[in-house]
Amino acid sequence: MPENKPEPAVGFVQRALGVFGYSRRALHLVWTTSRALTLTLALLTLVAGVLPALIAYIGQLIVDGVVAAMTSTSPDTRRVLWLVGLEAIVVTSVTASQRGISVSQSLLRALLGQRVNVMILEKALTLQLANFEDSEFYDKLTQARREASSRPLSLVTRTFGLVQNAISLTSYAVLLYTFSPWAVVILIGAGLPSFFAEAKFSGDAFRLFRWRSPETRMQMYLETVIAREDGVKEVKLFQLGPRLLQRYRDIFSKLFIEDRRLTLRRDSWGFVLGLLSTAAFYGAYVWIVITTISGAITLGAMTMYLVLFRQGQTAVAASLSAISGMYEDNLYLSNLYDYLGQPVPARTGEAKHGPHPERGLEFKDVSFNYPGSKVKTLTSISFQIRPGESFALVGENGSGKTTLIKLLTRLYDPTEGHIMLDGLDLQDWDVEALRQRIGVIFQDFGRYQFTVGENIGAGDVRYIDDAERWAKAAKTGMAAPFIEEMADGYETQLGRWFKGGRELSSGQWQKIALSRAFMRSDADILVLDEPTAAMDALSEAAIFDHFRSQSHNKMTILISHRFSTVRAADQIIVIHHGEILERGTHESLLAMNGQYAHLFKLQARGYQ
Ligand code: ADP
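The rules behind each value
Residues numbered from 1 in each chain as written. Predicted model: local features only at pLDDT ≥ 70, side-chain atom pairs only at ≥ 80, totals over all residues. Heavy atoms only, no water. Helix = DSSP H or I, 4+ residues; strand = E, 2+ residues; numbered from the N terminus. Rg over C-alpha atoms; globule rule 2.2 N^0.38 Å. Contact = heavy atoms within 4.5 Å. Areas by Shrake-Rupley, 256 points an atom, 1.4 Å probe, with all protein chains shown as cover. Lys, Arg positive; Asp, Glu negative; His and termini not counted. Charge placed at Lys NZ, Arg CZ, Asp CG, Glu CD. Pairing = 2+ DSSP bridges. Axes fitted to C-alpha atoms, helices over the stretch in contact; angles between N-to-C directions. Parallel < 35°, antiparallel > 145°, perpendicular 65-115°, else oblique. Nonpolar A, V, L, I, M, F, W, Y, C, P; charged D, E, K, R; others polar. Near = heavy atom within 4 Å. Polar contact = N/O pair within 3.5 Å; in protein donor to acceptor, adjacent residues only side chain to side chain. Core = buried A, V, L, I, M, F, W, Y, C linked by side-chain atoms within 4.5 Å. Buried < 20%, exposed > 50% of the residue type's maximum accessible area, 1.4 Å probe, protein only. Domains from an automatic or database assignment. Phe/Tyr/Trp six-rings, centres within 6.5 Å; stacked < 30°, edge-to-face > 60°. Lys NZ or Arg CZ within 6 Å of the ring centre and 35° of its normal. Patch = residues over 30% accessible without salt bridge, like charges linked within 9 Å, V, L, I, M, F, W, Y side chains within 5 Å. Salt bridge = Lys/Arg side-chain N within 4 Å of Asp/Glu carboxyl O.

**Thoughts on the overall build of the protein chain**
Next up, step 1: Scanning the protein chain from terminus to terminus reveals 22 helices and 10 strands.
Next up, step 2: Compactness check: the protein chain gives a C-alpha radius of gyration of 36 Å against a globular reference of 25 Å for 608 residues, more than 25% above the reference.
Next up, step 3: Seen along its three principal axes, the alpha-carbon backbone of the protein chain occupies a region of about 125 × 55 × 55 Å.
Next up, step 4: Put simply, 75% of the contacts in the protein chain that link residues at least 6 apart link residues at least 24 apart.
Next up, step 5: Carbon and sulfur atoms form 60% of the exposed surface of the protein chain, whose accessible area is close to 31,900 Å².
Next up, step 6: Charge separation in the protein chain, taken as the distance between the mean sites of 63 positive and 60 negative side-chain charges, equals 5 Å.

**As for the sheet that holds strand E8 (residues 555-559)**
Next up, step 1: In space, the six strands of this open sheet follow the order E6-E7-E8-E3-E9-E10, with mixed pairing throughout. Two strands in the sheet have a free side with no partner beyond their single neighbour: strand E6 (438-441) and strand E10 (579-584). For this sheet, the mean angle separating the axes of adjacent strands, direction not counted, is 15 degrees.
Next up, step 2: With four bridges joining them, strand E3 (residues 390-394) and E8 adopt parallel strand pairing. Across the sheet, residue Phe391 finds its bridge partner in E8, namely Ile557.
Next up, step 3: Packed on one face of the sheet, helix H13 (residues 401-408) meets E3, E6, strand E7 (525-529), E8 and strand E9 (571-576) and runs near 150 degrees to E8.

**Some remarks on the packing of helix H2 (residues 23-33) against helix H7 (residues 151-177)**
Next up, step 1: Packing of H2 against H7 brings their axes to within 9 Å, and their N-to-C directions diverge by 110 degrees. With respect to H7, the element H2 is oriented roughly perpendicular. Judged by residue contacts, Ser23, Ala26, Leu27, Leu29 and Val30 of H2 engage Pro152, Leu155, Val156, Thr159 and Phe160 from H7.
Next up, step 2: Of the residues assigned to the contact of H2 with H7, the class counts are eight nonpolar, two polar and no charged.

**Some remarks on the site of the ligand**
Next up, step 1: Around the ligand, the structure places Glu133, Tyr370, Thr377, Glu396, Asn397, Gly398, Ser399, Gly400, Lys401, Thr402, Thr403 and Lys406.
Next up, step 2: Between the ligand and Ser399, the relevant distance is 3.2 Å, taken from an oxygen atom to a main-chain nitrogen or oxygen of the residue.
Next up, step 3: Within the contact set of the ligand, an oxygen atom lies 2.9 Å away from a backbone nitrogen or oxygen of Lys401.
Next up, step 4: For the ligand, the protein covers 62% of the area, taking 550 Å² as the surface of the free molecule.
Next up, step 5: For the shell around the ligand, the residue count by class is one nonpolar, seven polar and four charged.

**Some remarks on the nonpolar core**
Next up, step 1: Counting residues in each nonpolar core, the largest one holds 31 residues, and the members touching the most others are Leu108, Val116, Ile120, Leu333, Leu336 and Tyr339.
Next up, step 2: Among the secondary structure elements, those contributing two or more residues to this core are H2, helix H3 (35-71), helix H4 (77-126), helix H6 (135-146), H7 and helix H12 (299-340).
Next up, step 3: No other element matches H12, which puts nine residues into this core.
Next up, step 4: Setting aside its immediate chain neighbours within four residues, Leu333 contacts Tyr22, Ala26, Pro152 and Leu155.
Next up, step 5: Listed in part, the 30 residues of the second largest apolar core include Phe383, Leu404, Ile525 and Met555.

**Structural notes on the domain arrangement of the protein chain**
Next up, step 1: Splitting the protein chain by domain gives domain 1 (25-211 + 268-340) and domain 2 (359-605).
Next up, step 2: In this structure, domain 1 and domain 2 have C-alpha centres spaced 61 Å apart.

**Observations concerning the pairing of E10**
Next up, step 1: Inspection of the sheet shows E9 paired to E10 by five bridges, in the antiparallel sense. Across the sheet, the residue bridging to Val574 is Glu582, located in E10.

**Overview of the packing of H4 against H7**
Next up, step 1: H7 packs onto H4 with a crossing angle of 150 degrees between their chain directions and a minimal axis gap of 9 Å. The residues of H7 that touch H4, namely those facing Ile101, Gln105, Leu108, Arg109, Leu112 and Val116, are Pro152, Leu153, Thr157 and Gln164.
Next up, step 2: Across the contact of H4 with H7, the residue classes break down as six nonpolar, three polar and one charged.

**Structural notes on the sheet that holds strand E2 (residues 378-385)**
Next up, step 1: Pairing within the open sheet is antiparallel, and its four strands lie in the order E2-E1-E4-E5. Edge positions in the sheet fall to E2 and strand E5 (424-425), since each has one partner strand and no second.
Next up, step 2: Here H13 sits on the sheet in contact with strand E1 (361-368), E2 and strand E4 (416-421), set at roughly 115 degrees to E1.

**Structural notes on the packing of aromatic side chains**
Next up, step 1: One pass over the structure, following the stated rule, counts 18 aromatic pairs.
Next up, step 2: Relative to Tyr370, the ring of Phe368 lies with its centre 5.0 Å away and its plane at 75 degrees, an arrangement referred to as edge-to-face.
Next up, step 3: Judged by centre distance (5.7 Å) and plane angle (10 degrees), the ring pair of Tyr448 and Phe450 falls under stacked.
Next up, step 4: Here the guanidinium or amino end of Arg469 rests over the ring plane of Tyr463, the centre of that ring lying 3.5 Å away.

**Section: a nonpolar patch on the surface**
Next up, step 1: The grouping of Trp269, Phe271, Val272 and Leu275 at the surface amounts to a nonpolar patch, some 440 Å² of accessible area in total.
Next up, step 2: Positionally, Val272 belongs in helix H11 (residues 241-293).
Next up, step 3: The exposure class of Val272 is partly exposed, given its relative accessible area of 45%.

Here is the structure:
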């Protein structure tokens, strides 16, 4: 629960000013997005701020002109009519500038939305996998993406609105000053309590909003599970729907109770303090009327002062609502800038070749724990794979096999020990050059809602549109036969998200993913993390044979629960709770009669 303890005055004032915290950065963002539009906006805001006072002033001249004309023997009607015409022109200018403001805002909104979205995505490209797996960070990213198009401009609009109202208020104050400085004090003073109340409640809303972000995200997630194609199957068959929906409702009810409490408190105080302003207004009204009756000011001046007072109060109210909105915008922007400011570890390595290619890949005493986790996922792992060798990892689920691949591909860095390629530490390799060397498919490989060709071509962006290479890779990955049977061949749209999309079976998707790995023709390290689980044993064996026969210098790393494939590897490692339990060839491991032999016999018995 957010606490509503009274806070020290300093903190409160800081927070009241915090509302402007990001205005400068938002303004900079808007300014660099389009200088012309920002200037137009600033200019029109100025115009729209000053003109209302001018209208009130002309009003005074008109009333006084009329009164003078009624009592005069030679009335100057033309002057009064001229003034009415002038007021019409000024009013039209106000309308025009307001329209101009809204046009500039619309255009800026579109430009800014795109710009911020691109900034968010560009940043995403530089982030580490670990960032995406950190829930707090992920919160920031989701919120940043969700409100990208509206918040920066909204903050700027509100800041401008505030400036406009401040200009108006100043011009009213200047005119009111001629009546009495006290009138200015009343006008501003009556607005102050509401201002502080608004700042306080907006602050509460701000904290409430930040604190509840995980709940909101859970709601978004539930929406996805209930209403998206990949969740629907299980939701229906396991009859999860009503239960999930109830959870969705419960979250809302919980949030709503807090919202309601805050809204009621905010609005009750708003009403009470608003009464204060009304009282001040009518007090001033009485004062102005009495002064007019006593003959100290003209009827026209009275009209003007009343208009000034009323409009002044409207301007104060508009400023208050702008301020409460600015808190929310600030929250969003603090998120956005936190996200954009996320430090990206400097890429140090530059090497594109290692000194000893014959040494292949070496893990030297590598240990690893995931950020924030105390247990070691991998402990003192050492092995070597020379060019041309094949290597298999065997172990139960959660024993650390995939983690090992993540270290090899530098999605994570080891906490202890070193990984060497061609005799050079991975840290010293240029990451792009390193990744060029590796073709990898994870268990949860991507199923892109693109065409077949792009799905395969994605394996090597340089050739993403190269149909000849697609076909070659598809042949190696054994995807070619079923692709060629499809009416549109490599142009077939995959997945169900887009019109005419075709869904594949799991095994077919795996073949597509395999073909994608084979697109990387320069890669000499092929990593297959249980990629063939949904594939028939025959295809699996054929694929490995093919890959091995292609080049004698390639290294393969295979993770599989299928011993028929594993047994062919030159080197097999059994991994258990992140440690190497046994190692050797199929024959030597069988002879050892340990865990490997046990598992192998279990599976072999299944086939007898
Ligand atoms: P395997 O591939 O052998 O099934 P993994 O390498 O995926 O196993 O997982 C090894 C261990 O690391 C498991 O206990 C898992 O819970 C943990 N783990 C996997 N991914 C993460 C992660 N991103 N953050 C924290 N722990 C993880």
